[in-house]
Amino acid sequence: MRKEPLGIILTADLAAKARGRAFPQQDFQKYLSTGCGWVPANLAIDAFGSIVTPNPFGSVGDLRLMPDVSSIATVALNHSGEQTTMVLADIHTPDGAPWENDPRSFLKSAVSDLEAETGLSVIASFEHEFMLRDDGGSPVNTPFSLESFLEEEEFGGLLVAALQDAGLEPEMWLPEFGRNQFEVTIRPAPAIVAADRAIYLREITRHIASQLGKRITFAPIIEENGGGNGVHVHVSLQDRESRFVTYDPQRPGNLSEIAGSFAAGILEHAEAIQALAASAPISYERLVPHRWSAGGVFLGENNREALLRICPLFDVPGANHQKQYNLEYRAADATANPWLVLGCLIRAGLDGIRRGLAAPTIVHGESGDLSESERAELGIRDIPSTLQAALDAFTGSETVSGWFARDFVDTFVAVKRAEIARVEALDPAEKYDAYATSY
Ligand code: GLU
Ligand code: MG
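All values reported here derive from a predicted model rather than from experimental measurement.

Calculation criteria
- Residues numbered from 1 in each chain as written.
- Chains lettered and ligands numbered in written order.
- Predicted model: local features only at pLDDT ≥ 70, side-chain atom pairs only at ≥ 80, totals over all residues.
- Heavy atoms only, no water.
- Helix = DSSP H or I, 4+ residues; strand = E, 2+ residues; numbered from the N terminus.
- Rg over C-alpha atoms; globule rule 2.2 N^0.38 Å.
- Buried < 20%, exposed > 50% of the residue type's maximum accessible area, 1.4 Å probe, protein only.
- Contact = heavy atoms within 4.5 Å.
- Areas by Shrake-Rupley, 256 points an atom, 1.4 Å probe, with all protein chains shown as cover.
- Polar contact = N/O pair within 3.5 Å; in protein donor to acceptor, adjacent residues only side chain to side chain.
- Expected span 1.5 Å × (residues − 1).
- Donors = N, O, S within 2.8 Å, 3.2 Å for Na, K, Ca; no water.
- Near = heavy atom within 4 Å.
- 1 Å grid on protein atoms, 1.4 Å probe; cavity = no way out; pocket = protein on both sides within 12 Å on 5 of 7 lines; lining within 4 Å.
- Sits in = over half its atoms within 2 Å of the grid points.
- Nonpolar A, V, L, I, M, F, W, Y, C, P; charged D, E, K, R; others polar.
- Pairing = 2+ DSSP bridges.
- Phe/Tyr/Trp six-rings, centres within 6.5 Å; stacked < 30°, edge-to-face > 60°.

Caption draft 1: Focus on the overall build of the protein. Along the protein, the regular secondary structure elements total 15 helices and 16 strands. Here the C-alpha radius of gyration of the protein, 21 Å, is about what a compact globule of 439 residues would show, namely 22 Å. Structurally, the protein occupies a C-alpha span of about 70 × 55 × 50 Å along its principal axes. Every one of the 439 residues in the protein was classed for burial, and the buried ones make up 55%. The contacts of the protein with a sequence gap of at least 6 include a subset with a gap of at least 24, amounting to 70%. Carbon and sulfur atoms provide 51% of the accessible area of the protein, an area that totals close to 18,300 Å².

Right, here's the structure in full:
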């Protein structure tokens, strides 16, 4: 027997899964220029692998996955070090134009509109939390501990190496607070690279775990009242000369005027973009107060309950506050496609800049124990409490649904409504298990 080395061209869909087509590695160059075929109805694949019907595409039509060489990455298949090459693609129509429903092209167009209208670009990083599903019988939680680190040192070491080899620039690997929870952070990068990395990171992490016979999950929550797995998206703004322009020590919260408008746009559209940032019914069990996830729509300084957090600055040797300063969007999770999440944040921020919105009120101190009237006074709004409510906010916002083609909106809503109906029929244990297995 002989095994041919393979390469694969990938897209990522509404269920945030990387899907694509593989071919002999020796034909990689050819496929980089020709791309490969793809099917419109694949956009309607749900988190559990079914194509939701009816969808706007049915059985007709053809598309092409056109690889973007900037996203080429390799991953080791097993302990032997044998590798496969992956590349992410834009989806094009047969005449070579970007497909209007392509999630990656959505981010690309948001990036280029922001640049064209303001001269700004976004530097971003996606921070991921996940859990081991098998705890080896340990009865106690051991947050942040050396014990957890040592227990999973082999996994951590292999994972960090795999992320390095794939060019993802891992920064930290740490035992997190939740039961059997870990976090991995990677270096900030320009928006499209950052979102591409987030797509790879989840797949590579699952792959390394499965090589070790472990089951892990990025699902937002895996048991009732359990800890949450967030995807925190850090963003800062650069001008055309690559100067960071998010920080202004003369202004409240050190938030520059332009970044204040950008933040205000994100808050203004927060409910309407929520379904695209946390896309499963169970996502909404995580997005409630007192969980250090996101407990309300507000901008907070160093506050882990904020939807949007001004991250702390540190006067460590060599510190560059212009560069350090960033905003963290905390309401995303791994059921959402990183291209869509970041594209929505950029579109919302751009809308805030276009309209010259004033910087939001910055909430200081604890927000969890504020009364209804105190929340109202500070302008803190509730995050939609269900995926259905978030979908209603999405379709109800002409601005936000208007960023997408009609077919995209209809497909997203159809896929998510089907998912809601499917999950409603499950008992709680089945529901958590379904998502833990899928993500
Ligand atoms: N696990 C929390 C979440 O669900 C985040 C904790 C942290 O601040 O890192 O988002
Ligand atoms: Mg964390």
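From this point, things continue past the structure.
Caption draft 2: Here's a closer look at the side chain of serine 148. Structurally, serine 148 can be placed in helix α3 (residues 146-151). Reaching out from serine 148, the side chain makes a polar contact with the side chain of threonine 142 at a distance of 2.7 Å. In contact with serine 148, other than residues within four places in its own chain, are Thr142, Pro175 and Phe182.

Caption draft 3: Representation of the environment of proline 40 in the model. Mapped onto the fold, proline 40 is located in the loop between β3 (36-38) and β4 (63-67). A C-alpha to C-alpha distance of 44 Å links proline 40 and proline 312, two positions 272 residues apart in sequence. With residues up to four places along the chain from it excluded, the contact list for proline 40 reads Phe57, Val60, Gly61, Asp62, Leu63 and Trp99.

Caption draft 4: Examining helix α6 (residues 257-268) more closely. The terminal C-alpha atoms of α6, which comprises 12 residues, lie 16 Å apart, in line with the 16 Å expected from a rise of 1.5 Å per residue. The buried fraction of α6 is high, at nine of 12 residues. Taken residue by residue, α6 has Ala259, Gly260, Ser261, Phe262, Ala263, Ala264, Gly265, Ile266 and Leu267 as its buried positions.

Caption draft 5: Quick peek at the coordination of the magnesium ion (ligand 2). The coordination sphere of the magnesium ion (ligand 2) contains the protein donors Glu129 (OE), Glu176 (OE) and Glu183 (OE), at a distance range of 2.0 to 2.1 Å. When the donor residues of the magnesium ion (ligand 2) are listed from N- to C-terminus, their spacing reads E-x46-E-x6-E. Accessibility assignment for this pair places glutamate 176 and glutamate 183 in one class, buried.

Caption draft 6: Quick look at the site of ligand 1. Around ligand 1, the neighbouring residues are Glu129, Glu176, Glu183, Gly228, Gly230, His232, Arg286, Trp292, Ser293, Arg304 and Arg330. Residue glycine 228 places a main-chain N or O atom 2.9 Å away from a nitrogen atom belonging to ligand 1. For ligand 1, the accessible surface in isolation is 300 Å², of which the surrounding protein chains cover 88%. Judged by the proximity of its atoms to the pocket grid, ligand 1 belongs to the largest pocket. Residues belonging to the shell around ligand 1 are distributed by class as follows: one nonpolar, four polar and six charged.

Caption draft 7: Examining the pairing of strand β12 (residues 231-238) more closely. Most of β12 sits inside the fold, with eight of its eight residues counted as buried. The two faces of β12 match: Val231, Val233, Val235 and Leu237 on one face and His232, His234, Ser236 and Gln238 on the other face are all buried. Both strand β7 (residues 121-132) and β12 contribute to a ladder of eight bridges, which runs antiparallel. When the sheet's bridge partners are listed, valine 122 is paired in β12 with leucine 237. Bridge count between β12 and strand β15 (residues 327-332): four bridges; the pairing is antiparallel. Bridge assignment links valine 233 to a residue of β15, and that residue is tyrosine 329.

Caption draft 8: Here's a closer look at the pairing of β7. Most of β7 is tucked away: 11 of the 12 residues are buried. In the sheet, β7 pairs with strand β10 (residues 189-190) via two bridges, with the strands oriented antiparallel. By the bridge assignment, isoleucine 123 is partnered in β10 with proline 190. One ladder, built from four bridges, connects β7 with strand β9 (residues 181-186); its direction is antiparallel. Bridged to methionine 131 within β9 is glutamine 181. As paired strands, β7 and strand β11 (residues 216-217) are joined by two bridges and run antiparallel to one another.

Caption draft 9: Geometry of the packing of aromatic side chains. The full count for this structure, using the stated rule, is 18 aromatic pairs. Between phenylalanine 23 and phenylalanine 28 the ring centres are 5.5 Å apart and the planes differ by 50 degrees, which places this aromatic pair in the tilted class. There is no split in this pair, since phenylalanine 23 and phenylalanine 28 are both buried. Relative to phenylalanine 155, the ring of phenylalanine 130 has its centre 6.1 Å away and its plane inclined at 70 degrees; by these criteria the two rings are edge-to-face. Taken together, the residues span a long stretch of sequence, with phenylalanine 130 in strand β7 and phenylalanine 155 in helix α4 (residues 153-165) at a distance of 25 residues.

Caption draft 10: Representation of unusual backbone geometry within the structure. Note that the residue after threonine 53, namely proline 54, is joined by a cis bond; omega there is -5 degrees. Here proline 54 lies in the loop between β3 and β4. Residue glutamate 169 is not a glycine yet carries a positive backbone phi of 55 degrees. Phi is positive for serine 242, which is not a glycine, with a value near 65 degrees. With respect to the element layout, serine 242 can be found in the loop between β12 and α6.

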